[in-house]
Amino acid sequence: MSPSERPLVRVDLRREGGQASRAEAAPFVPAGCDVCPIRKHTICRPYADDRLDVLSKYKTGNRTLRRSASLTLQGEPATSFFNIFSGWAITSVLLDGGQRRGLDIRMPGAFVGLDGLRTLEQFDQRIPLHAASVECSTDLSVCVFPAKGLPALLRDHPLLSVRLNDIVLGQNARLQNSLALTGHIPSRNRLAAFVLDTFDRAKRFSPEMVDGPKLRWPLTQEVLGDALGVTNVQVSNSAKMLREAGALLLGRQRLEILNRPLLEEIANYELNPRLLLP
């Protein structure tokens, strides 16, 4: 049996000490839109139970993907959009020099695949191309919405159009914040800010991964380097400095905030609800 065919089983990560070495957490797929726990976070939010048919008729199904699989690829046609049910994914772009730049971590409730969308009129001419790739940081489950028909859906249902606009504005605000981290800021401070932002979002959107000050940490050193705009060596050195300062423990598949006030001071971090998005 190949790795992609292995059955997935659920595991309580808190009882396993934050590790998933003996089993993998199964991607969650709700039985129906009416019992979907991410509805309040994503494009479906404007509709009550009796109006969910608007979207349930439009979606084409659900998908599950393995860790490291690609959900979208930069430069390929944006034929579908996705709601993340469970798991984490990272959005990134490949720069002209061949370097990869991580843009953001997407969590349950995120609506992804919009990066290539500029105007609805694009669909009247051709399907736009993805401006970024989305890669699974963990096993992932999503529901799928076809790009074809999106303009008509939004024109017929203005509440969806308003909600989609809110999502795009929020994602742009997070992108601007992410780019600001790659300015003239020491890598230790960048890492501290990234950890705090990710931790606070995980508490809201992936609470099963959080246990007090501990977080199951699926992000590799390479992903961190791409997200922070630094090398793997700088990530390692920064994590060591934060550990020696008594602020943070960052290891393989685990993270523990040892001293939150100190970590916030190092990061110059203040929780911004506007950026607390999936």
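(A) Focus on the packing of helix α5 (residues 187-205) against helix α7 (residues 232-244). Running from amino to carboxyl end, α5 crosses α7 at an angle of 75 degrees, the nearest separation of the two axes being 9 Å. By the angle class used here, α5 and α7 are roughly perpendicular. Note on element contacts: α7 touches α5 through Gln234, Val235, Ser238, Ala239, Met241 and Leu242, opposite Ser187, Arg188, Leu191 and Ala192. Broken down by class, the residue content of the contact of α5 with α7 amounts to six nonpolar, three polar and one charged.

(B) Expanded view of helix α6 (residues 221-228). Most of α6 sits out of view: six of its eight residues are buried. Within α6 the residues assigned to the buried category are Val223, Leu224, Gly225, Asp226, Ala227 and Leu228.

(C) Spotlight on empty space enclosed by the protein. Here the structure, examined in full by the defined rule, presents one cavity of 30 Å³ or more. By volume, the largest cavity is sized at about 50 Å³. In terms of lining, the largest cavity is formed by Ile43, Leu55, Tyr58, Phe81, Phe111, Phe145, Leu150 and Leu153. Among the residues forming the lining of the largest cavity, the class breakdown is eight nonpolar, no polar and no charged.

(D) Representation of the side chain of Ser206. When you line up the elements, Ser206 lands in the loop between α5 and β9 (210-211). Residue class for Ser206 comes out buried when judged on its relative accessible area of 0%. A distance of 2.9 Å separates a polar atom in the side chain of Ser206 from a polar atom in the side chain of Trp88. Once residues within four sequence positions are removed from consideration, Ser206 is found in contact with Trp88, Met107, Pro108 and Arg201.

(E) Structural context of the pairing of strand β5 (residues 100-106). Within β5, six of the seven residues are buried, which leaves the element mostly enclosed by the surrounding structure. For strand β4 (residues 89-94) and β5, the ladder comprises six bridges, and the chain directions are antiparallel. Paired with Ser92 across the bridge in β5 is Gly102. Here β4 folds back onto β5, and the loop between the two strands holds five residues, one of which, Gly98, carries a positive phi near 95 degrees.

(F) Looking closely at the pattern of salt bridges. Taken as a whole, this structure holds eleven salt bridges when the rule is applied. The salt bridge partner of Asp139 is Arg66, with a shortest N-O separation of 3.5 Å. Of this pair, Asp139 sits in the loop between β7 (133-136) and β8 (140-146) while Arg66 sits in the loop between β1 (61-65) and β2 (70-72), placing them 73 residues apart in sequence. Assigned by exposure class, Asp139 and Arg66 land together as buried. Where Glu264 meets Arg260, a salt bridge forms, and the shortest distance between an N and an O atom there is 2.7 Å. Taken together, the residues Glu264 and Arg260, both in helix α8 (residues 260-267) and four residues apart, mark about one turn of the helix. Looking at Glu264, the relative accessible area reads 25%, which means it is partly exposed. Since its relative accessible area comes to 24%, Arg260 is described here as partly exposed. By sharing partners, the salt bridges in this structure join Asp104, Arg106, Arg174, Asp197 and Arg201 into a single network.

(G) The arrangement of the sheet that holds β9 in detail. Ordered by their spatial adjacency, four strands build an open sheet running β9-β10-β12-β11, and the pairing between neighbours is antiparallel. Each edge of the open sheet is held by one strand with a lone partner, namely β9 and β11 (248-251). Of the pairings in the sheet, the one linking β11 to strand β12 (residues 253-257) comprises four bridges and is antiparallel in character. Bridging from a neighbouring strand, Leu248 pairs with Ile257 of β12. Most of the contacts of α5 go to strand β10 (residues 214-217), to which it runs at about 95 degrees, and overall it touches β9, β10, β11 and β12.

(H) Region of interest: the nonpolar core. Counting 34 residues, the largest nonpolar core has Trp88, Phe194, Leu215, Trp217, Leu255 and Leu263 as its most contacted members. Those elements giving two or more residues to this core turn out to be α5, β10, α6, α7, β12 and α8. Top contributing element to this core by residue count: α5, with nine residues. Beyond its immediate sequence surroundings of up to four residues, Phe194 is in contact with Ile105, Trp217, Leu219, Leu224, Ala227 and Leu228.

What counts and what doesn't
- Residues numbered from 1 in each chain as written.
- Predicted model: local features only at pLDDT ≥ 70, side-chain atom pairs only at ≥ 80, totals over all residues.
- Heavy atoms only, no water.
- Axes fitted to C-alpha atoms, helices over the stretch in contact; angles between N-to-C directions.
- Helix = DSSP H or I, 4+ residues; strand = E, 2+ residues; numbered from the N terminus.
- Parallel < 35°, antiparallel > 145°, perpendicular 65-115°, else oblique.
- Contact = heavy atoms within 4.5 Å.
- Nonpolar A, V, L, I, M, F, W, Y, C, P; charged D, E, K, R; others polar.
- Buried < 20%, exposed > 50% of the residue type's maximum accessible area, 1.4 Å probe, protein only.
- 1 Å grid on protein atoms, 1.4 Å probe; cavity = no way out; pocket = protein on both sides within 12 Å on 5 of 7 lines; lining within 4 Å.
- Points joined across faces, edges and corners; volume = space filled by probe spheres on them.
- Polar contact = N/O pair within 3.5 Å; in protein donor to acceptor, adjacent residues only side chain to side chain.
- Pairing = 2+ DSSP bridges.
- Salt bridge = Lys/Arg side-chain N within 4 Å of Asp/Glu carboxyl O.
- Core = buried A, V, L, I, M, F, W, Y, C linked by side-chain atoms within 4.5 Å.

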